[in-house]
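Structural overview
Here's the letter readout for the chains.
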Amino acid sequence: KLSKSMRQKAADARPVDPKAVITEVAPKVVEVHAHRPGGRPRKVTVERRKKWFESLDVEALLLQRGISFRPPNWAKGHWMRLDEFDNREYDIRGPEEWIRCGFSSHGEFLPLRAQALRLNEDNSGVWEECMCVGKDADQFIVRWRDDAQSLVGRLQILFFGEDPEVFADRLLYAFQALHKAQSRAQLNFFVDNMPIDDIQCLGIDQVARILALARSSRSLKDASTELAANELVREVNLDFARTMNKIVFMHDPEVLGHAREVPDLPNSDIGKDKEAGIFSGVNICDLEDEDESLFARPVPWFALWPLPEYDFTQTFSSFCFGSLLIKPEVVSTLCGVSAECLWLLSTCQYVTRFESILKVEQFRQSQRTRIGQTSKDVRDTWVSNIIQIIQRNFKDVGKGWFSIHETNPDTYAEGKVKKLLYMIRLMMEDTLRYFVLDSVEDYCRAIEYCSPAEVHVRGLLDISSTFQPRPLVEPAVRGSSLE
């Protein structure tokens, strides 16, 4: 008793771990769990990565990339949403995976530790510690230190265990993609609204050549397609005029001068007083993507698509050595055997159609007769037809891989006739197996079709049966691989 009480006191005196109220997701590392002796344990890598992430300041990293949310006008000139240009390839976990990390082994959800961008009323923002308590559509629900809750997007929250440098690069990519999309939209808007009255259109010879190529078939030369052809010519002329305007616009000195004034960093000019011009903030270099302009591509020397070196002779030789389908006789034989197997699968070894009422002895006799006739057809007709197909197709084949007149056991073992016969034997075994299964299924359905749903016995001579209409379903052929 004394020993038991002392053990109880010692157990009660042990320090109790405080109950966790928040989840700190460990960084994702690619390390083996069971390290080699003398190697670096995985837990050490995780702890080092965790301390490194905690030592980084996300706001300082963003400032190094020219991004700051402290000025109230940090979104000046943004008429597109920044979240629409988020690149999810930077994600190590999806939104649902982050939320699942908050559930413990007992099913209890603990808020996730994170750092999010808190926007004030004047649209200025600061990065503060918070807890992610849930998810609403594409946004996360965060709780700040003053117990206030708000919704933030994926670009506004940095989870504990996520690399701050990768997150800063993700924001930089979103800002650059936003500015590029806006520049492209503005420049295309300018080009689309340029006058086309004085622009030279396609010549008569060019239009005639286009129509001749477009209406080369007999059905398109009908007079009823003249209106549609004129409309297409008008669209081609409009596209040609737009292209000419685009060339003039992109080589305009004023546009090129303002293009050089575009800041390299996303919002490095925030807070500066700058006279806004019609082309200010437009990067002419972002109008076209790489390899978009056909004139910028080098002219190839050959009108052929380059391919890597390929040894066709060796590959074809290896295929012929390992494949059976290299002779028309083999294909004809397999097709004939498949046809015979499908014919057997279409039959049934039991009687499943009853034209009149049968006694038990008549039913048994009809089943015995059908089983005997089916066995005879399988043994005499089906097997004989397959043997005749093989002999007929290979009787004129001389010495080689497919010689059926080979008498040397070693040559027969190395040849392909043995493999072909083995393949045919497997096809016949599968056919017999599926034939029996289909026949049993047909038999069971036939018995269920003829059985009453309810039987009421009121007396020795007073019996009534209730039948329900059941559709007679044809069984599916399971040997579909033989088709």
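Conventions used here
Residues numbered from 1 in each chain as written. Predicted model: local features only at pLDDT ≥ 70, side-chain atom pairs only at ≥ 80, totals over all residues. Heavy atoms only, no water. Pairing = 2+ DSSP bridges. Helix = DSSP H or I, 4+ residues; strand = E, 2+ residues; numbered from the N terminus. Axes fitted to C-alpha atoms, helices over the stretch in contact; angles between N-to-C directions. Parallel < 35°, antiparallel > 145°, perpendicular 65-115°, else oblique. Left-handed = near helix turned anticlockwise from the far one by under 90°. Contact = heavy atoms within 4.5 Å. Nonpolar A, V, L, I, M, F, W, Y, C, P; charged D, E, K, R; others polar. Polar contact = N/O pair within 3.5 Å; in protein donor to acceptor, adjacent residues only side chain to side chain. pLDDT = per-residue confidence, 0-100. Buried < 20%, exposed > 50% of the residue type's maximum accessible area, 1.4 Å probe, protein only. Patch = residues over 30% accessible without salt bridge, like charges linked within 9 Å, V, L, I, M, F, W, Y side chains within 5 Å. Areas by Shrake-Rupley, 256 points an atom, 1.4 Å probe, with all protein chains shown as cover. Salt bridge = Lys/Arg side-chain N within 4 Å of Asp/Glu carboxyl O. Expected span 1.5 Å × (residues − 1). Phe/Tyr/Trp six-rings, centres within 6.5 Å; stacked < 30°, edge-to-face > 60°. Lys NZ or Arg CZ within 6 Å of the ring centre and 35° of its normal.

So, on to the sheet that holds strand 4 (residues 149–152). Spatially, five strands are ordered 4-3-2-1-5 in an open sheet, and the strand pairing comes out antiparallel. Edge positions in the sheet fall to strand 4 and strand 5 (157–159), since each has one partner strand and no second. Taken over all neighbouring pairs, the strand axes of this sheet differ in orientation by 40° on average, direction set aside. For strand 3 (residues 139–143) and strand 4, the ladder comprises four bridges, and the chain directions are antiparallel. Bridging across to strand 4, Phe 140 finds its partner in Val 152.

A separate point is the pairing of strand 7 (residues 463–466). One ladder, built from four bridges, connects strand 6 (residues 454–457) with strand 7; its direction is antiparallel. For Val 455, the partnering residue across the bridge sits in strand 7 and is Ser 465. Counted between consecutive antiparallel strands, the loop separating strand 6 from strand 7 contains five residues.

Turning to the packing of helix 5 (residues 164–192) against helix 7 (residues 226–250), a few remarks are in order. When two helices pack together, their arrangement is given by the angle between the helix axes and the distance between those axes. Taken N-terminus to C-terminus, the directions of helix 5 and helix 7 make an angle of 120°; their axes are 9 Å apart at the nearest point. Relative to helix 7, helix 5 is oriented oblique. Crossing of helix 5 over helix 7 shows right-handed handedness. When helix 5 is examined against helix 7, the residues Leu 187, Asn 188, Phe 190, Val 191 and Asp 192 are found in contact with a partner set consisting of Arg 242, Lys 246 and Phe 249. The residue inventory of the contact of helix 5 with helix 7, partitioned by class, reads four nonpolar, one polar and three charged.

Turning to the environment of Asn 87, a few remarks are in order. The residue Asn 87 is located in the loop between helix 3 (58–64) and helix 4 (95–100) in this model. C-alpha separation for the pair Asn 87 and Ala 174, spaced 87 residues apart in sequence, amounts to 7.0 Å. Beyond its immediate sequence surroundings of up to four residues, Asn 87 is in contact with Arg 170 and Tyr 173. A distance of 3.1 Å separates a polar atom in the side chain of Asn 87 from the backbone nitrogen of Glu 89.

A word on the confidence of the model for the chain. Should the pLDDT be low somewhere, the predicted coordinates at that spot are not to be read in detail. In this model, the chain carries an average pLDDT of 81, and 86% of its residues clear a pLDDT of 70 or more. The model gives residues 273–278 a pLDDT under 50, and that stretch makes two contacts with residues more than four places away or in other chains.

This next bit is on unusual backbone geometry. The residue Asn 123 is not glycine, and still its phi comes out positive at about 75°. Locating Asn 123 in the fold gives a position in the loop between strand 1 (112–119) and strand 2 (125–136). The phi dihedral of Ala 137 is positive, around 60°, even though this residue is not glycine. Position of Ala 137 relative to the elements: it lies in the loop between strand 2 and strand 3. The exposure class of Ala 137 is exposed, given its relative accessible area of 54%.

Let us look at the packing of helix 10 (residues 328–345) against helix 13 (residues 417–450). Where helix 10 contacts helix 13, the two axes come as close as 9 Å, and the packing angle between them is 15°. Classed by the angle they form, the pair helix 10 and helix 13 counts as roughly parallel. In this structure, the crossing between helix 10 and helix 13 has a hand that is right-handed. On helix 13, the residues that touch Val 330, Thr 333, Leu 334, Val 337, Ser 338, Cys 341, Leu 344 and Leu 345 of helix 10 are Leu 420, Met 423, Ile 424, Met 427, Thr 431, Leu 432, Tyr 434, Phe 435 and Asp 438. Residues belonging to the contact of helix 10 with helix 13 are distributed by class as follows: 13 nonpolar, three polar and one charged.

Here Arg 170 shows up in helix 5. At 2.7 Å, the side chain of Arg 170 and the side chain of Asp 86 are in polar contact. With residues up to four places along the chain from it excluded, the contact list for Arg 170 reads Asp 86, Asn 87, Arg 88, Tyr 90, Asp 91, Arg 154, Leu 155 and Glu 162.

Let's shift gears to a nonpolar patch on the surface. A surface patch of nonpolar side chains, about 500 Å² in accessible area, is lined by Tyr 310, Phe 312, Phe 316 and Phe 319. Tracing the backbone shows Phe 312 in helix 9 (residues 312–322).

This part is about helix 10. With 18 residues, helix 10 should reach 26 Å at 1.5 Å per residue; the first-to-last C-alpha distance of 26 Å fits that figure. Those residues of helix 10 that sit buried are Val 330, Thr 333, Leu 334, Gly 336, Val 337, Ser 338, Glu 340, Cys 341, Leu 344 and Leu 345. If you follow the buried residues of helix 10, they end up packed against helix 11 (360–394) and helix 13.

Attention now goes to the packing of aromatic side chains. Inspection of every chain in the model, using the stated rule, returns 14 aromatic pairs. These aromatic residues form a ring-pair network of at least three members: Phe 69, Trp 74, Trp 127, Phe 167 and Phe 175. One residue, Arg 93, lies across the ring of Trp 98, its end atom 5.0 Å from the ring centre.

Inspection of every chain in the model, using the stated rule, returns 22 salt bridges. Here Arg 118 and Asp 146 are joined by a salt bridge, their closest N and O atoms 3.0 Å apart. On the criterion of sequence distance, the pair formed by Arg 118 in strand 1 and Asp 146 in the loop between strand 3 and strand 4 is long-range, its members being 28 residues apart. We note a salt bridge from Asp 192 to Arg 242, for which the minimum N-O separation is 2.4 Å. Taken together, the positions of Asp 192 in helix 5 and Arg 242 in helix 7 put the pair 50 residues apart, joining distant regions of the chain. Its relative accessible area of 47% is what places Asp 192 among the partly exposed residues. Arg 242 gets classed as partly exposed once you look at its relative accessible area, which sits at 24%. It is possible to trace a salt-bridge network through shared partners that takes in Asp 86, Asp 91, Arg 154, Glu 162 and Arg 170.

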